[in-house]
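This is what each chain is made of:
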Amino acid sequence: MHSRSRHVLFTGNLLLDKPLQGLYSARADQHDLIRDATLSAFENLVAFAVDQPVEAVVFNGRMFVAPPTVRGAALFRDGVETLLEAGVSVYWAGPQEREWQTLSDIRCLPHGLQRIDENHSRRSVINRSEQWERSVVCEWLDMPRDHDHHTNGAHNNGHVHGQTRIGLTRQAIGHLTQGAALHPERDRRFDLIVSGAADRSHTTRSDKTIYHAPGCLQPSDGLAEGPGQVTMLRIDVNGELELLREETSVVRREQRDLLVEPGGTRNNLLELAELELQELAEQLAEGSTQLLQLEWIVRGPVADIKDWSSEELAAELTSLLETTEQGLPVNHHVQLVPLMSGQPIESDEFVNEQLEEQFLQHLGGQLNGETSDDQADRLTLQLGADGIDWRAVFAALPPRETGHRSGEWGVRALQQYKRA
Amino acid sequence: MNITDIKIQRYGVWRDLNLPVHPRGLTVIHGPNEAGKSTIMRFVRGIFHGFPEQSRAHGSLAQRAGWGGTLELKDGDETLEVWRRIDEQGKRQFHCHTEQHSLSEAEFAARLGRVDANLFRSIYSLGLKELRELSSLQSDQVSEYIYGTSLGLVGQRLMNAEAGTRKRSRELLNPEKRTGRLFDLSGEYNSLGDALARSERVMSQYRETLTDADRWEHSRNDIEVRIENLERERRNLRYMHRVWNPWKRQQELQRELLEYDELLNFPSDGIRQLELLDRKLELLRQKRTSQRNELRQLQKRLKDNRKHYELRDHASGIRALIDLRGLVETAERHLAAVSADATMLKAELDEKLEGLGQGWTVQKLEGVDTSPQAHLQLVTAAKNYQNALSRRARHRKRYQKLSDTNHNRQTELQDELKRRGVTSLDEALEQAQQRLKDLEQLAQLRIQESEYAQRIRSAQTMLQKYREGAELPWWASSMLTLFAIAGGFLVIAGLFKGVRTGWLIGLIYMLTGIAGGALSWALRQHFETDDYHVHTKLEQEIRECERRLNTVRDDISRITGIPYNTHSGIASEKDRKASQTELIQKATQQLFELEELARTENRILKTRKKLSVQRGKLTTYQREVSMGRQGWCDLLKKLGLKETVRTSEAFQNWQQAVTADQTLVKWTAAREDVQRQNELLAMFREQTEQIARRMDLEPSQGRSLSQMLAQWQQALDRYEQIRDTYQKQRGQYRDLKKQYELTRKDLEFAEHELVELLERGHAKTPEQFRRNAGKLQRGRELRALLADINDQLTSLSREEPELAIVEEDLKTFNGQQAQERIDLIGMELEDLERDREECSEELGRARQRLTALESETAAADLQTRRERLLDQARMTASDWLATEAAGRTFSDMTATFEERFQPETLARASHYLNELTLGRYEQVRTPFGSRELIVHERSGATRQVSELSDGTREQLFLAIRLALVDMLAEEQTVLPMVLDDICVNFDQQRTEAAVSTILDFAERRQVLFFTCHEHLAQMFQHRGIEPVWLPKHAEGELQRLAG
């Protein structure tokens, strides 16, 4: 289709071996799928690169979160070897020396794999030829200050005719306002700057330079929504760039908000959820997703949802919508958010019918004055410092969700006595 | 209700005490200890609620005389006098009256409202002991006022929600007991961490295995280099060996040629030296021969051993096969077992096929759908069919039962009607009803009969009387007849006179005669006509009555069925009544029975209608059964089962078919397993036989592989032994070879000496040495030979152009040594080949281990599990935070609620407490949902009751009781308060405060305040309350027996 174009794949974080977080409703039979999710995403990347085909693959992100494991390292080796055997050049931008050394020690670093780093700061990933009168050069931007001054100066010639310059960095580019991440003077030389910092895909443009973060192959953060993907850069012979995305993740997390109208029933809600899922399933039909984790945020007037519980709703959704119409397994997790009616309430007038709303009002005040640090300290003291890092656990808890949970708990507690 | 007067006839120490008290406000009564103040208080209690049982135990004297007294009370505008007494026998007496009427004890108690003895004792009538009792404020009756036990729905909901949330929080984390989900998760996480730490040795194992693999690879490479070198050396040696002979010959010939030129220099003592050297050489040669023989023997033995050494090339293969021996044996056993199973299963399958009936074959059985879906269909169809059948059977049974019942009922009805001789039940019922009516009329008829009989008798009597006494007396009749005759004469005379004398006189005569006749006729007519009429009338009446009587009697006879006769007619009235009652009973019974029969008939008719409807339903059910049967049969046909309408049989067939199918599956699996095992074993056998053929080993010839492998194992063991022996012999051989080399070198040295000698004698051999002289002709021949040899050498040099041989090498070359060296190289190469194979095997194993370690998922599994556990920890921590936040919110709400809805009693008590403690304590409150009291100091600090001093506690309890009295008064329960020395623990200031408080309180309520402290009485006195002084100041007015 693009006979006059060439393709290069850019990846963000691979995070091989990193187990997925936040799959609260995962079942036991999904263990293997979840365990191998990041590896499967990498295999998807390799298969895609071989099928396309592409000229080069540039890994620009963290390969492992911890010291490489044998399994991950072997899979990485096999994948890179497959790419090399298929004639695809493979580059690893900014590898950590320890990672590189470990892989080298255990013979999982194929010889064809090339580094792009301080010592090899410039690589021509596509060379000029008779059929292709353009070269594509990748340059490592995260150079030490003095090194940058001396070495980069040699290539600091601005745009070169017939050459596409791509800068590689590990620094975040997500916020243009954070000047530290962008160096307009420097970046002007590059047609594209690829960042391996972000877990989510992100693209922005400044002047003539495109800033792009491919994101993670398989998001492992429990709160990250959407697909993990790899970015395919299509380079026209005229130097026109086009960024195409290919989904690689096998486990995908999506969050959907459902609003219960006043007087709405549970059946209405389930119908809404079904419609949402159908729409989502159509989007996922062509992707690599093998497991969908759906987080439902169900908001509704407290008067209508006070008899509901998140767990019951999740169970009901699971029984009704265990898979999509296309057979994709779906795990449901529900968080009820009871909403106040907005009617004025006297805080010291206790009316039975308005007790739930009063509770939510009080809870709002309570949560505004809360910090989880004290709770984490207390919990660490009570449970012991060895074992789970409760500070990290608390830090990972979104306060808003905890607030929602509190609201649901309180309303349910009030309802339980009312029913009794 | 206030006390106006206390009159104690006899109670405790008191006799005939009359103690007036202020009907409103405060009455202070002072008396020293044992003056009887508490007795008065108990007396008041006793009058209100009865003297307690144990009162009888006080004082034997008083007990013998009995106790009692009176309280005068004012209840509104009404005055009551309440008297109670316990006499010497313990009998209780009560009397209460107002100005108008008396009240019973219950009525008096009703006037006290809800204040019973306990409540009165704990609130209204207090001594220091009662005041100090906290428990008296915990009773349900009192706590309702103090603690507000009824929180209302909102309060209960808040309290329970908070409790539920706290409970949930503790379920997640209970630090005191160190339990809860978070503890569990933490423990599990630690366990997983340990397991993960153990599993993380994979990397070190991988590195070690990688090192091993490298080592083995290097070793193999070294061996291969060594093999290459040795092979090159052997090739060189072989080439040298080929070159060396011609070259040697060339040299010999050249040397021989040189002899002719050098014979002139022949040594002088050459012969002697030659002899010496010959002897030495002989000795050395003998020694070398001996050693060579030994070497040959050893070589022969080594060679012999090499015959068995042929196993070496295949040892690794054989070992590999032997390693698989266990597998082979298992496979053989498995094959035998599976074959037996297959045979058994086939027999079982055949048996089951026979059991299924004729015509069942494996193909047919395979056609039977035994899937769960089919079973479900079958079960559903059977269920439907059986449901239809059971519905029909049930309905049919019901119909049959109904029909039978109806038939029986109809038969019984017909029999009964036949027995009763009833043709038409309606008519019989009508008749019976008529008869009952008749019988009901029978009494009237009897009365009528009696009446008619009476009337007849009366008429007859009257008739008789008329007949006897109603005729005119004879003289009256004669007079009347005379008057009639006289009248006739006068008429005739008148006619005569008229004619004769004048008409007027005749007329007078005639009129007088007519008058006399008329008078006589009239009188007779008057008397005699009335009798006649009466007589006639009576007779008519008698006849009429007789007719009616007859009619009535006929009716009676008809009704009773007894023909009238005089006897029955004169039956006693009693008998008649009895008979009549009996008849009515019989008629009623008959009517009842007939009505019963009529109802039965109606029921039969209804049942017939019902049966008709049921028949329709039965037809529908029958149709359903037919459809169900059709569906059932179709399904059976579709499933490949024999058609039968009996579901049990079908299910039996199905079960048999399933069992047979399972057996078929098992048999097929077993058969395939047998085939697989056979193929596996055949493959293995083929491999072994290939090896056997290559090794010329004895083929299996019907033996089992395991036997053959066992034999090979033995052979391999023998080989190992022989190899050990061989190695040992080879060592001996090498030693001997060294000795042999030494001998050879000695010999070479000797030979060299000989050669030197011969060279000097221009000869190469001693004989030559001896014959040198005459061999010049030989030179020509030698030159020709040299040319041939040179050609040969040139040809050989062309064969190995890459090999450059220098003459020095040829000079030092020793063919025998070279051959030996070649042999040694061969042996070494064999060793190296074996070593290389070993290295390859080890390398293969190491690589397999590497592959296994690369696919090791244990650590990843544990990490994934740990991450799931962390997910759970996050969720649980979130839940915990949520429940904590919710709990705190509920706490805030309940605190607000608590502040907002404190009981009124405590608000009032706070006021009193503030007064009693001079403002030190501002508020008393109770926590939400509990029965505790908390006191707030002016400084803001809070204290629990147990933290208060005795005096403050008593002031608190007094404040609460004053508040309670207020609360009860508002509920229209007004009673006097009796306080007995309750201020003894109060300091001076608080005592004064208490006096003020009591005085204020007494403005609204009646208070009787007893004290033994004079200063306290004086305190009241100074405030205008004159105390009643007991007994010193009032002894003139009061009489007492003790104290």
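Here is what the cut-offs are and how they apply
- Residues numbered from 1 in each chain as written.
- Chains lettered and ligands numbered in written order.
- Predicted model: local features only at pLDDT ≥ 70, side-chain atom pairs only at ≥ 80, totals over all residues.
- Helix = DSSP H or I, 4+ residues; strand = E, 2+ residues; numbered from the N terminus.
- Buried ≥ 20, exposed ≤ 12 C-beta atoms within 10 Å, placed from the backbone.
- Contact = placed C-beta atoms within 7 Å.
- Axes fitted to C-alpha atoms, helices over the stretch in contact; angles between N-to-C directions.
- Parallel < 35°, antiparallel > 145°, perpendicular 65-115°, else oblique.
- Left-handed = near helix turned anticlockwise from the far one by under 90°.
- pLDDT = per-residue confidence, 0-100.
- Pairing = 2+ DSSP bridges.

Student: Explanation requested: the overall build of chain A in the structure shown.
Tutor: A count of helices and strands for chain A gives 13 helices and 15 strands. Taking all 420 residues of chain A together, 44% fall into the buried category. Within chain A, contacts between residues at least 6 apart in sequence are counted, and of these 71% link residues at least 24 apart.

Student: Explain the packing of helix α1 (residues 37-49) of chain B against helix α4 (residues 117-124) of chain B here, please?
Tutor: When two helices pack together, their arrangement is given by the angle between the helix axes and by the axis-to-axis distance. All names here are of chain B. Packing of α1 against α4 brings their axes to within 10 Å, and their N-to-C directions diverge by 150 degrees. When the axes of α1 and α4 are compared, the pair comes out roughly antiparallel. Crossing of α1 against α4: the hand is right-handed. Between α1, through R45, F48 and H49, and α4, the contact on the second element is made entirely by A117, F120 and R121.

Student: Would you mind going over the interface of chain B and chain A with me for this structure?
Tutor: Interface size, as often reported, equals the accessible area lost upon joining of the parts. Taken together, the 54 residues of chain B in the interface contact 53 residues of chain A. Residue assignment for the side of chain B that touches chain A shows that the elements contributing at least two residues are α7 (152-172), α8 (181-199), α9 (202-262), α25 (815-854) and α26 (858-900) of chain B. Residue contributions to the side of chain B that touches chain A peak at 28 residues, all from α26(B).

Student: Which parts of the structure should I look at to understand the confidence of the model for chain B?
Tutor: Caution applies to low-pLDDT regions: their predicted coordinates should not be interpreted in detail. Residues and elements named next belong to chain B. Considering every residue of chain B, the mean pLDDT works out to 80; 89% of them sit at 70 or more. Ranking the helices and strands of chain B by mean pLDDT puts α25 first, with 90, and helix α18 (residues 566-569) last, with 49. Taken over the whole predicted complex, pTM reads 0.54, whereas the ipTM for its chain interfaces reads 0.90.

Student: Could you clarify how one ought to interpret the environment of B:V28 in this entry?
Tutor: Residues and elements named next belong to chain B. Along the chain, V28 turns up in strand β3 (residues 26-30). Residues V28 and F1009 lie 981 residues apart in sequence; the distance between their C-alpha atoms is 4.6 Å. Filtering out sequence-adjacent residues up to four positions away, V28 remains in contact with F1009, T1011, A1017, F1020, I1025, P1027 and V1028.

Student: Even after reading the chapter, I still don't get the pairing of strand β5 (residues 78-86) of chain B, so can you show me in this structure?
Tutor: Regular strands place their side chains on alternate faces of the sheet. Residues and elements named next belong to chain B. With nine bridges connecting them, strand β4 (residues 67-75) and β5 associate as antiparallel partners. Bridge pairing in β5 places W67 opposite I86. The antiparallel hairpin formed by β4 and β5 contains two residues in its connecting segment, where G76 sits at a positive phi of about 65 degrees. In the sheet, β5 pairs with strand β6 (residues 92-97) via six bridges, with the strands oriented antiparallel. If you follow R84 over to β6, its bridge partner there is F94. Connecting β5 to the antiparallel partner β6 that follows it, the hairpin turn spans five residues, and G90 within it adopts a positive phi of roughly 90 degrees.

Student: What am I meant to see in unusual backbone geometry here?
Tutor: Working note: non-glycine residues mostly have negative phi, and peptide bonds are mostly trans. Residue and element names in this part refer to chain A. Here Q52 and P53 are connected by a cis peptide whose omega angle stands at -15 degrees. Here P53 is to be found in the loop between α2 (37-51) and β2 (56-59). Despite not being glycine, L15 shows a phi value in the positive range, around 50 degrees. Tracing the chain through its elements places L15 in the loop between β1 (5-11) and α1 (31-35). The phi torsion at D17 lies on the positive side, around 75 degrees, for a residue other than glycine. Within the fold, D17 resides in the loop between β1 and α1.

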